Each structure stands twice: as C-alpha cells, then as structure tokens.
Amino acid sequence: MLKVRDLVTQFRVDDHTVYAVDGISFDVQERQLVGLVGESGSGKSVTALSILNLLAHNGRVVSGDIEWQGNSLRNRSQKEWTQILGREIGMIFQNPQASLNPVFTIGDQMIETIRLHTKCNKAEASEKAISLLRQVNLADPELRMNDYPHQLSGGMCQRVMIAMTLSMSPRLLIADEPTGALDVTIQAQIVRLLASLNESLGMSVLLISHDLGVINQFCDYVYIMYLGKIVEEGPPKLIFESPQHPYTQALLAAVPSVHSNHTYSGMVVSGEIPSPINLPTGCRFHPRCPFAMDRCTLAVPELYPVGDGKAACFLVESSN
Ligand code: SF4
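Everything in this summary refers to the structure shown in the same document. Not measured: the values here are computed from a predicted model.

Here is what the cut-offs are and how they apply
- Residues numbered from 1 in each chain as written.
- Predicted model: local features only at pLDDT ≥ 70, side-chain atom pairs only at ≥ 80, totals over all residues.
- Heavy atoms only, no water.
- Helix = DSSP H or I, 4+ residues; strand = E, 2+ residues; numbered from the N terminus.
- Rg over C-alpha atoms; globule rule 2.2 N^0.38 Å.
- Buried < 20%, exposed > 50% of the residue type's maximum accessible area, 1.4 Å probe, protein only.
- Contact = heavy atoms within 4.5 Å.
- Areas by Shrake-Rupley, 256 points an atom, 1.4 Å probe, with all protein chains shown as cover.
- Phe/Tyr/Trp six-rings, centres within 6.5 Å; stacked < 30°, edge-to-face > 60°.
- Lys NZ or Arg CZ within 6 Å of the ring centre and 35° of its normal.
- Axes fitted to C-alpha atoms, helices over the stretch in contact; angles between N-to-C directions.
- Parallel < 35°, antiparallel > 145°, perpendicular 65-115°, else oblique.
- Left-handed = near helix turned anticlockwise from the far one by under 90°.
- Nonpolar A, V, L, I, M, F, W, Y, C, P; charged D, E, K, R; others polar.
- Salt bridge = Lys/Arg side-chain N within 4 Å of Asp/Glu carboxyl O.
- Expected span 1.5 Å × (residues − 1).
- Arc of directions from axis to C-beta.
- Polar contact = N/O pair within 3.5 Å; in protein donor to acceptor, adjacent residues only side chain to side chain.
- Pairing = 2+ DSSP bridges.
- Near = heavy atom within 4 Å.

### Details of the overall build of the chain
Here comes step 1: What the chain contains, in helices and strands, is 13 helices and 12 strands.
Here comes step 2: Against the 2.2 N^0.38 benchmark of 20 Å for 320 residues, the chain shows a C-alpha radius of gyration of 21 Å, consistent with a compact globule.
Here comes step 3: Based on the C-alpha atoms only, the size of the chain along its principal axes is roughly 70 × 45 × 35 Å.
Here comes step 4: Evaluated residue by residue, the chain yields a buried proportion of 51% over its 320 residues.
Here comes step 5: Expressed as a percentage of contacts within the chain between residues at least 6 apart in sequence, the contacts between residues at least 24 apart total 63%.
Here comes step 6: Surface accessibility of the chain: about 14,800 Å² in total, with carbon and sulfur atoms responsible for 50%.

Next up, the structure:
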C-alpha cells in the first residue's frame, strides 16, 4: 500500500546540509499498524512530512521513491495532492489544540470538514459529526459540538482531530507523536483508539513515536530509526523480547515495564544524539554504543537479517 524506498531527505540551514533522512526503506501494508520509533532528531517526523509532501521550503526529497497504491507520490501536482491528503492519506499531529481553529466550535469545524468532502446538508453533516465523535469515544458528543477547542482537554481535542480525519475515510492514517503532549493514561487510551479503528475500519496506521512503551502492544511491525537511518525492524515480539541493536536495547531500557526481565535492562546510552549536520563516520551509533569496536568507526553496517527482522549492527552480522 505505502512503499518507501531509499528515501533521502535533506535540508539547507545557513550554509549547511542537514542529513535528516538517509536512505530508509519501509512498507505499510493494507490493514497494518506499523510503528516508527526513535528519539527526537532521528528523522521520523521528517519521514512523515516527506511522504505527505509537507516539507518546509528549505527541505527536499533528494532521492528514493514513495509509492502509494502502486504509483509514485513524487512530482505530483498540487491538484493531485488535494485529492490525496485527507481523502486517501490522513494525518494527525502532536498538538491537536493547535490544529483546531480557536474561534469556531467543534461542531462548526466538523460540519465544515464533512461538507467539504461529502455532498450532504448541514443537518446531515451534524448528525455524521456526532456519530464520528461517538466512534472515537468522546463522551457527550452532542454537548461537545457546542464547545470551543479551549474548553476541551488535550486528549479530547486529539479525539476530535481523529474524528475529523475519519470523516474523509482515509485508507492510511499517519499519526505523528499523537500522544506526545498528553499524560500517560490518556496516551494509552489514544493509542488503543487508533488500534481499534485500525481493526474495525481496516484503516492502515503509521504510528510515529519516540516512546517504544507507547506502541508495544499494538503494532504489527516496528521500525527503529536513529540519525536518519533504520537500525532495526521486525515484528513486536522480536523487538520487545529479543532486540538485537544496542540502540533498541537502550530504548527498551528506558521503558521499565517492558524490559524488566531482560538482561539489557541496565543498559544506559551516554551522551546526546549527534547533530545531523555533522554525522559520525561508520555506524552512526558508535559514539554512544557501549559495544563499539574499531570497525564501527570506519564502516557502515547494513541491515542484516535476524529472525523475522533485521538489524544494522556488526554484532548481528558476526552472529549470523
Ligand atoms: Fe555498536 Fe558497532 Fe553495532 Fe554500531 S555496529 S551498534 S557501534 S556494535
């Protein structure tokens, strides 16, 4: 359904090139819920913006391809994008309050969105809006229609944004840190909601998060990104029960409930993620990797097969 191949996205900042996404490939199949995980600065959000043709003016997809339903999304006209965005590929972002217009009620905004995309009158659109708000488990949807965004909590606003997105019946939803601004209990509720919509509507979901713990129960397949590259991928059982890449192990070590029985539980990765302007040589993780060898500073590890997944680490290559 969505096929990303060797995607390279760069930005120009002053006189520097920022290597934000550097040759990544991944798929989202029909009805799949796929997780894309990495720290801030790993390139995961830039990946989403590259797919959606929403890069800032100083950013561009340099090479690679993004295929949607068998056709390339590169070099599409603005007219084609208005058909694709929302109708075929929907998206929700981290700060739902910022995505809603503060001077209109939830009802007004939902009715307008529904009428833009369907041929229905105001009363029908209002009925559909209430039914969509009910579908995303917003309590008292009839009453919420009269509320302004500032009267709702962050979690409620995210449910409204999901309902608006659903009103266009997209086949794929890209959710970029949809729970980042919410507290832990609400995060779990929103991810559970996305998983139930994935199952009940058959809508594919690409869930982007910095937190492996948030997505551990729901994804069909997980990709781990570090400094613009995918360093590990696999089904959740592999990623959560026997992660192969030291970076994945470190991410899991930060999620106590997930890793407590595993040997990597005490693993700590030192230092900050390096600047994507000045990338480390060899394996990009080597300055922070507790297992780094001389070879790691010189050569770039490819994604080596391991079990049902792959990991870009020389330790995996030598154990194969
Ligand atoms: Fe660590 Fe080397 Fe593996 Fe990179 S290739 S993760 S530096 S051991």
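Text resumes after the structure shown.
### Some remarks on the packing of aromatic side chains
Here comes step 1: For the structure on display, the rule yields five aromatic pairs.
Here comes step 2: Members of the aromatic cluster, each reached through a chain of ring pairs, are Phe 26, Tyr 221 and Tyr 223.
Here comes step 3: The ring centre of Phe 314 lies 3.8 Å from the NZ or CZ of Arg 295, which sits over that ring.

### As for the packing of helix H7 (residues 154-166) against helix H8 (residues 184-201)
Here comes step 1: The geometry of H7 relative to H8 is characterised by a closest axis approach of 10 Å and an angle of 15° between their N-to-C directions. The orientation of H7 with respect to H8, classified from their angle, is roughly parallel. Of the two elements, H7 crosses H8, and the hand of that crossing is right-handed. Touching Gly 155, Gln 158, Arg 159, Ile 162 and Leu 166 of H7 are Ile 186, Gln 189, Ile 190, Leu 193, Leu 194, Leu 197 and Leu 201, all from H8.
Here comes step 2: Split by residue class, the contact of H7 with H8 holds eight nonpolar, three polar and one charged.

### Quick notes on the pattern of salt bridges
Here comes step 1: Enumeration over the complete set of coordinates arrives at 10 salt bridges.
Here comes step 2: Between Lys 237 and Glu 241 there is a salt bridge, with its nearest N and O atoms 3.0 Å apart. With Lys 237 and Glu 241 both in helix H10 (residues 236-241), this residue pair falls four residues apart, about one helical turn.

### Quick word on unusual backbone geometry
Here comes step 1: Phi at Gln 69 is positive, roughly 55°, even though this residue is not glycine.
Here comes step 2: Relative to the elements of secondary structure, Gln 69 occurs in the loop between strand S4 (59-68) and strand S5 (71-72).

### Let's talk about helix H5 (residues 122-135)
Here comes step 1: The terminal C-alpha atoms of H5, which comprises 14 residues, lie 20 Å apart, in line with the 20 Å expected from a rise of 1.5 Å per residue.
Here comes step 2: What H5 keeps buried is the set Ala 125, Ala 129, Ile 130, Leu 132 and Leu 133. The buried residues of H5 all sit within an arc of 165° when viewed along its axis, so they share a single face. Those residues of H5 that are exposed and angled more than 90 degrees off the buried face are Ala 123 and Glu 127.
Here comes step 3: Contacts from the buried residues of H5 go to helix H4 (106-117), helix H6 (141-144) and H7.
Here comes step 4: The opening residue of H5 is Asn 121, an N-cap whose side-chain oxygen sits 3.2 Å from the backbone nitrogen of Ala 123.
Here comes step 5: At the C-terminal side of H5, Asn 137 shows a positive phi close to 60°.

### A word on the sheet that holds strand S2 (residues 16-28)
Here comes step 1: With antiparallel pairing, the four strands of this open sheet are ordered in space as S2-S1-S4-S5. In this open sheet, the two strands that pair with only one neighbour each are S2 and S5.
Here comes step 2: As judged from the eight bridges shared by strand S1 (residues 2-13) and S4, these two strands associate in the antiparallel manner. Along S4, the bridge assignment pairs Leu 2 with Trp 68.
Here comes step 3: Helix H1 (residues 44-51) contacts S1, S2 and S4 of the sheet and is inclined by roughly 110° relative to S1.

### Section: the side chain of Thr 165
Here comes step 1: Along the chain, the position of Thr 165 falls in helix H7.
Here comes step 2: Here Met 161 takes part through its backbone oxygen, which lies 2.8 Å from a polar atom of the side chain of Thr 165.
Here comes step 3: Those residues in contact with Thr 165 that lie beyond four places of it in its chain are Gly 90, Met 91, Ile 92, Pro 170 and Leu 173.

### Notes on the site of the ligand
Here comes step 1: What surrounds the ligand is a group of 13 residues, the closest being Cys 283, Cys 289, Cys 296, Cys 313 and Phe 314.
Here comes step 2: Classifying every residue of the shell around the ligand gives 11 nonpolar, two polar and no charged.

### Thoughts on the sheet that holds strand S3 (residues 33-37)
Here comes step 1: In spatial order, the strands read S6-S7-S8-S3-S9-S10-S12-S11; together these eight strands make up an open sheet with mixed pairing. Taken across any chain shown, the strands that pair with only one partner, and hence form the sheet edges, are strand S6 (89-92) and strand S11 (304-306). Ignoring which end each strand starts from, the neighbouring axes of this sheet average 25° apart.
Here comes step 2: When S11 meets strand S12 (residues 309-311), the two strands line up antiparallel, connected through three bridges. Within S12, the residue paired with Pro 305 across the bridge is Lys 310.
Here comes step 3: With respect to the sheet, H7 is in contact with S6 and strand S7 (172-176), its orientation differing from that of S6 by roughly 170°.

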